[in-house]
Amino acid sequence: MVPATLTLEPAGRLAGDLRLPGDKSISHRGLMLALLARGTSTIHGAGDGADVRSTAAIVGALGAEVDQLGRDDVGNVDYRVDSPGLDALAAPGATLDCGNSGTSLRLFAGILAGQPFGAVLDGDASLRGRPMGRIVEPLRAMGATIDGPARGTRAPLTIQGRRRLAAIDWAPPVASAQVKSAIVLAGLRAAGTTRVREAVATRDHTERMLRARGVDVRTRAAGDGMLVEIDGGAIPAALEERVPGDPSAAAFWLVAGAIHPDAEIQLRDCGVNPTRRMGIDLLRRMGAGVEERTRGDAGEPRADLRVASSALQAIDIGPAETAAAIDEIPILCLAATQATGRTTIRGAGELRHKESDRIAGIVTGLRAFGARVQNQGDDLIVDGPTPLHGAAVDSLDDHRLAMTFAIAAIVAGGKTTIRGASSAAISYPAFFRDLERIRR
Ligand code: S3P
């Protein structure tokens, strides 16, 4: 067990070989699509973070039998899910608890919109504070009745769905794979063709995974954006699949390896889907020595990665790049503190609506280590290189901030204490164990 407040010392050297937690986004979707499919699905190597556990519990509450077949040596789980399929889901007997997980709440809202029963989706204090109007508005336009605090823009959301929804043509005002996915999943139950027009393309796992299950989802690139189309009426087929390692988890080790002066780290079987690899590409643009060996592509491309100590340069990150690397921005800010020059991260406003206000968390936390970080409007500005010193910091119970500060701690001079360190378990339960594995 990781204590809530953890003390970390700097690391003299970082070396070793790690296997990553199963991709969080793909693990959620694997379980949800197994619920919608009729019959037996098997998901190998799902992440075992608290968020994915929330999804697994809800899949069970909606009428599927969810069994853990076992777990591998890094703690990833093999699930077997037996489901009656999306035409025969069960009305839940109690509130569906999404915990800290925005993906669970928003994607299940899309699924429940197309079900002929009522359900309540809720979560912890962080999730209750996050914006839900972005999914509630399109799902209402499709015919679902949704209530909740602040005119249904906050959880808990009470959803009364219907078996047959209306197709919509929607251009979400924010770049969000969760919004796109909620609409696409509801689109399975709509009469006609549902379209989502993204101004900036977001992660495309829902589209890929539905296609792998025989559902005709069409996508067409348009500038930075993407048009996604789905026809109502299909039922996804059950299948067996393997979840790749999580590139958003990999980013912590890639930055650790790049900024630590004596490091060489290998990461096995990391997902490198083009809509998820922006963190890797931005780090490379900063000059990080990241090598990539392709491992093949069964629906989701994968690679083994290797990183070694590197001299980093500041870069300018535009809004579409920021959106594509949204989960990696906190750790990229840490990389920027060690890069020569001024790094500007433009259009990062969405970070205010994550598990915490990540803009405030990054600025306060990295400044405590001595870094030069500012927020101007929706931009983050980081000047480097700055030697970091040990600090007392607060993760705001946000997993990505906890892990960012842990990597800062091992490259800083002196001792660091992180309040809320155990929140790493939201996406990466073995994070601190892996940190000790590569610390020499
Ligand atoms: C996710 C989408 C992103 C991301 C989150 C996972 C997903 O959220 O930040 O960690 O699995 O679809 P938004 O859709 O809010 O950008």
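Residues numbered from 1 in each chain as written. Predicted model: local features only at pLDDT ≥ 70, side-chain atom pairs only at ≥ 80, totals over all residues. Heavy atoms only, no water.

A. Inspection of helix α13 (residues 358-368) at higher detail. Taken together, the buried positions of α13 are occupied by Arg 358, Ile 359, Gly 361, Ile 362, Val 363, Gly 365 and Leu 366. Considering only its buried residues, α13 is in contact with α12 (329-337), β22 (372-376), β23 (379-384), β24 (392-394) and α14 (399-411). Here α13 starts with a cap whose side-chain oxygen sits 3.1 Å from the backbone nitrogen of Ile 359, and that cap is Asp 357. (Buried < 20%, exposed > 50% of the residue type's maximum accessible area, 1.4 Å probe, protein only. Helix = DSSP H or I, 4+ residues; strand = E, 2+ residues; numbered from the N terminus. Contact = heavy atoms within 4.5 Å. Polar contact = N/O pair within 3.5 Å; in protein donor to acceptor, adjacent residues only side chain to side chain.)

B. Summary view of the site of the ligand. With respect to spatial proximity, 13 residues lie near the ligand, and among them Ser 25, Arg 29, Ser 176, Asp 327 and Lys 354 are the closest. With respect to the ligand, the side chain of Arg 29 contributes an N or O atom lying 2.6 Å from an oxygen atom. Within the contact set of the ligand, an oxygen atom lies 2.6 Å away from a side-chain nitrogen or oxygen of Ser 176. Expressed as a share of its isolated accessible area of 390 Å², the protein-covered part of the ligand is 94%. When contributions to the shell around the ligand are tallied by element, the ones reaching two or more residues are α1 (24-36), α3 (102-113) and α7 (177-187). At three residues, α1 tops the list of elements feeding residues into the shell around the ligand. For the shell around the ligand, a count of residues per class yields three nonpolar, four polar and six charged. (Near = heavy atom within 4 Å. Areas by Shrake-Rupley, 256 points an atom, 1.4 Å probe, with all protein chains shown as cover. Nonpolar A, V, L, I, M, F, W, Y, C, P; charged D, E, K, R; others polar.)

C. Main features of the packing of helix α5 (residues 133-141) against α7. Interaxial distance between α5 and α7 falls to 9 Å at its minimum, and their mutual angle equals 25°. Looking at the two axes, α5 sits roughly parallel to α7. The interaxial crossing formed by α5 with α7 has right-handed handedness. Each of Arg 134, Ile 135, Pro 138 and Leu 139 in α5 lies in contact with α7, whose residues at this interface are Gln 178, Val 179, Ala 182, Ile 183 and Ala 186. Partitioning the contact of α5 with α7 into residue classes produces seven nonpolar, one polar and one charged. (Axes fitted to C-alpha atoms, helices over the stretch in contact; angles between N-to-C directions. Parallel < 35°, antiparallel > 145°, perpendicular 65-115°, else oblique. Left-handed = near helix turned anticlockwise from the far one by under 90°.)

D. View of the environment of Ile 359. For Ile 359, the position within the fold is in helix α13. Under the relative-accessibility criterion, Ile 359 is labelled buried at 2%. In this structure the C-alpha to C-alpha distance between Ile 359 and Ile 329, which are 30 residues apart in sequence, comes to 9.5 Å. Beyond its immediate sequence surroundings of up to four residues, Ile 359 is in contact with Ala 348, Gly 349, Leu 351, Arg 352, Asn 375 and Leu 380.

E. Representation of helix α8 (residues 205-212) in the model. Those residues of α8 that fall on the buried side of the exposure criterion are His 205, Thr 206, Glu 207, Met 209 and Leu 210. Close packing links the buried residues of α8 with α1, α7, β14 (217-222), β15 (225-231), β16 (240-242) and β19 (300-308). Where α8 terminates, the next one or two residues include Gly 214, which has phi positive at roughly 85°.

F. Layout of the domain arrangement of the protein chain. Annotation of the protein chain at the domain level lists domain 1 (5-21 + 245-438) and domain 2 (24-242). If you average the C-alpha positions of domain 1 and of domain 2, the two centres end up 28 Å apart. In this complex, domain 1 contributes 29 residues to the contact, which on the side of domain 2 involves 26 residues. Buried area between domain 1 and domain 2, summed over both chains or domains, comes out near 2300 Å², and the portion from carbon and sulfur atoms is 45%. Three residues, Arg 19, Glu 355 and Ile 426, lead the burial of domain 1 against domain 2; their summed loss comes to 23% of the area buried on that side. (Domains from an automatic or database assignment. Buried area = accessible area lost by both parts, 1.4 Å probe.)

G. Structural context of the packing of α3 against α5. Two elements in contact, α3 and α5, have axes separated by 10 Å at closest approach and are oriented at 15°. Relative to α5, the element α3 is oriented roughly parallel. α5 is crossed by α3, and the crossing has right-handed handedness. From α3, Arg 106, Ala 109, Gly 110 and Ala 113 reach across to α5, where they touch Arg 134, Ile 135 and Leu 139. When grouped by side-chain class, the residues that make up the contact of α3 with α5 number four nonpolar, one polar and two charged.

H. Fine view of the pattern of salt bridges. A full pass over the atoms with the stated rule returns 50 salt bridges. Note that Asp 204 is salt-bridged to Arg 208, the shortest N-O span being 3.0 Å. Owing to a relative accessible area of 21%, Arg 208 belongs among the partly exposed residues under this scheme. Close ionic contact of Asp 304 with Arg 295 constitutes a salt bridge, the shortest N to O distance being 2.9 Å. For Asp 304, a relative accessible area of 11% gives the class buried. (Salt bridge = Lys/Arg side-chain N within 4 Å of Asp/Glu carboxyl O.)

I. Region of the structure containing the packing of aromatic side chains. Following the criterion strictly, the structure yields six aromatic pairs and no others. Between Tyr 428 and Phe 431, the ring centres sit 5.5 Å apart and the planes meet at 75°, which makes this aromatic pair edge-to-face. Like Phe 431, Tyr 428 is buried. Look at Phe 431 and Phe 432: their rings are 5.0 Å apart centre to centre, the planes differ by 85°, and that puts the pair in the edge-to-face class. For the pair shown, Phe 431 and Phe 432 are each scored as buried. Chaining the aromatic ring pairs together yields one cluster made of Phe 252, Trp 253, Tyr 428, Phe 431 and Phe 432. (Phe/Tyr/Trp six-rings, centres within 6.5 Å; stacked < 30°, edge-to-face > 60°.)

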